[in-house]
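Fold and contact review
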Amino acid sequence: MTQHTPAAQRAPVDLRSDTVTHPTEAMYERMRAAPIGDDGLDGDPTVRELEAHVAASLGKDAGLFVPSCTMANLLAVLAQTQRNEQVVLESAAHMYTSERGAATFTGLFYLGVAGTDGAMDLGRLEEALLTGGHRLKTSLVAMETSHNNAGGTVLPLDHMQAVHGMASAVGAAVHLDGARLFNAAVALGVAPGDIARHADTVSLCLSKGLSAPVGAVLAGGAPVMARARVLRRMLGGTQRQSGIMAAAGLEGVRTMGGRLAEDHVRARRLSDGLNRLAPALSATVPQTNIVQVETAASGMNNAQWVAALQAAGLLARPWGRTRLRCVTHRHIRDEDIDAAVLAFETVLNRH
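Starting afresh in each chain, residues are numbered from 1 along the sequence in its written order. The predicted origin of the model limits local features to residues at a pLDDT of at least 70 and limits the giving and counting of side-chain atom pairs to 80 or more, whereas totals for whole chains, interfaces and linings rest on all residues. Only hydrogens and water are set aside when side-chain values are computed; all heavy atoms of the structure are taken into account.

**Regarding helix α10 (residues 222–234)**
The way it works is that DSSP assigns letters per residue, a run of H or I at least four long becomes a helix, a run of E at least two long becomes a strand, and they are numbered from the N terminus. Given the number of residues in a helix, its expected span is that number minus one, multiplied by 1.5 Å. Taking 1.5 Å per residue as the helical rise, α10 with its 13 residues ought to reach 18 Å, and the 19 Å between its terminal C-alpha atoms agrees with that figure. Of the positions making up α10, those classed as buried are Val-224, Met-225, Ala-228, Leu-231 and Arg-232. One side of α10 holds all its buried residues, which, seen down the axis, span an arc of 115°. Seen from the buried face of α10, the exposed residues on the opposite side, beyond 90 degrees, are Pro-223, Val-230 and Met-234. Check the buried side of α10 and you find it contacts α2 (45–57), β2 (62–66), α3 (69–79), β9 (201–205) and β10 (216–220). Of the residues trailing α10, Gly-236 is marked for its positive phi of about 80°. Type-normalised accessible area, obtained with a 1.4 Å probe on protein chains alone, sets the label of each residue: buried when under 20%, exposed when over 50%, and partly exposed for intermediate values. By arc we mean the arc of the directions from the helix axis to the C-beta atoms, nothing more. Any two residues having at least one pair of non-hydrogen atoms within 4.5 Å are treated as being in contact.

**Some points on the pairing of β2**
The buried count for β2 comes to four of five residues, which makes it a mostly enclosed element. Strand pairing is defined by DSSP finding a minimum of two bridges between the two strands. Bridge count between β2 and β10: five bridges; the pairing is antiparallel. Note on β10: the bridge partner recorded for Val-66 is Ala-216.

**Here we look at the domain arrangement of the chain**
Annotation comment: domain bounds sourced from an automatic or database domain assignment. Domain boundaries in the chain define domain 1 (25–255) and domain 2 (259–350). Inter-centroid distance (C-alpha atoms) of domain 1 to domain 2 is 29 Å. Contact residues are listed per partner, giving 16 residues for domain 1 and 12 residues for domain 2. The term salt bridge refers to a pairing of a side-chain nitrogen on Lys or Arg with a carboxyl oxygen on Asp or Glu at a separation within 4 Å. The tally of links between domain 1 and domain 2 comes to zero salt bridges. N or O atoms within 3.5 Å of each other form a polar contact, as long as, within protein, one can give a hydrogen and the other can take it, and as long as residues adjacent in sequence are counted only when both atoms are side-chain atoms. Scanning the region where domain 1 abuts domain 2 turns up seven residue pairs in polar contact (both at pLDDT 80 or more).

**Quick word on the nonpolar core**
With 46 residues, the main nonpolar core has Leu-50, Val-141, Leu-206 and Val-253 as its most contacted residues. Considering every element that reaches this core, the biggest residue donor is helix α11 (residues 243–255), with five residues. Once residues within four sequence positions are removed from consideration, Leu-206 is found in contact with Leu-50, Phe-65, Ser-211, Ala-212, Val-214, Gly-215, Ala-216, Val-217, Gly-249 and Val-253. Only buried residues count toward a nonpolar core, which is a set of Ala, Val, Leu, Ile, Met, Phe, Trp, Tyr and Cys residues joined through side-chain atoms within 4.5 Å.

**Regarding the pairing of strand β12 (residues 290–294)**
Counting buried positions over the five residues of β12 gives five, a clear majority of the element. Of the two faces of β12, the one holding Ile-290, Gln-292 and Glu-294 and the one holding Val-291 and Val-293 are both buried throughout. Where strand β11 (residues 282–283) and β12 come together, two bridges link them in antiparallel fashion. Residue pairing in the sheet places Ser-282 in a bridge with Glu-294 of β12. Turn length for the β11-β12 hairpin, with the two strands adjacent in sequence and antiparallel, is six residues.

Below, the structure written as structure tokens:
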């Protein structure tokens, strides 16, 4: 007879984000043994190895290790624009909804273009790229894949190619917020470089599904990356013996990409389980590792849901007024997904 441990006695199932992942044992070992130097003076050899590896794998000339993907995105913007110009993004993109506060000191205008499943409407993008009269010059167009606010959706490659072509035709650069680029690559069944070729610069987060403790890499052409390196120092992003952190990132990009498919399968298992609780709940059908759960029909607000789920042994994140976000990652197993579905069912039954 199977013994079930009460939720109160188990460690909670943490689906708030894939940023909660811990380093692997191999990462800890690589961090301990990493050759290091002063990256602000004559360079850190492990940082340089990580930068070169990511750049090569994405088909770019050079890479730059930075503390966060937010900084990577900001450096991409600063290195490819001038003040009083325009950055065009899909209106639900993370760079637009969560990072455009940078415009308060970049002197740039961020224009959101409506889209579907994270993909900009190409007709509206064409209009946004028009010049002349009172219009600002668009110097950068940004895409995101996988797309966080659209529930981890993945941009079709032909869409990305079209956006890149339209931007290039008016002299605008293209940046890809690829925080979860490896998830997108796994979902499409292609190499990350096959996605990155449709952008001039690409950011890659190391501390989400790839399980490194911290950091991101920005990759792009040599002149742009040289400017980004100078700007990184201006922003306080230069680090010293940062090879200790870069070593974990190097292990992540080399070994962790393939297993992301497991997270995608478990996200689908979660979605299927939650959709059996309709009509009180409805869950998005994930392409990658993000599931959004609509709670409006349950009669509970998100603050109530978060608190009640935590009491039932599940950590989830509010995502808007009536949605919760759940993200699978390498610490989540099949039994954790089953426990998560049971927690939602328990809360509904108690309400």
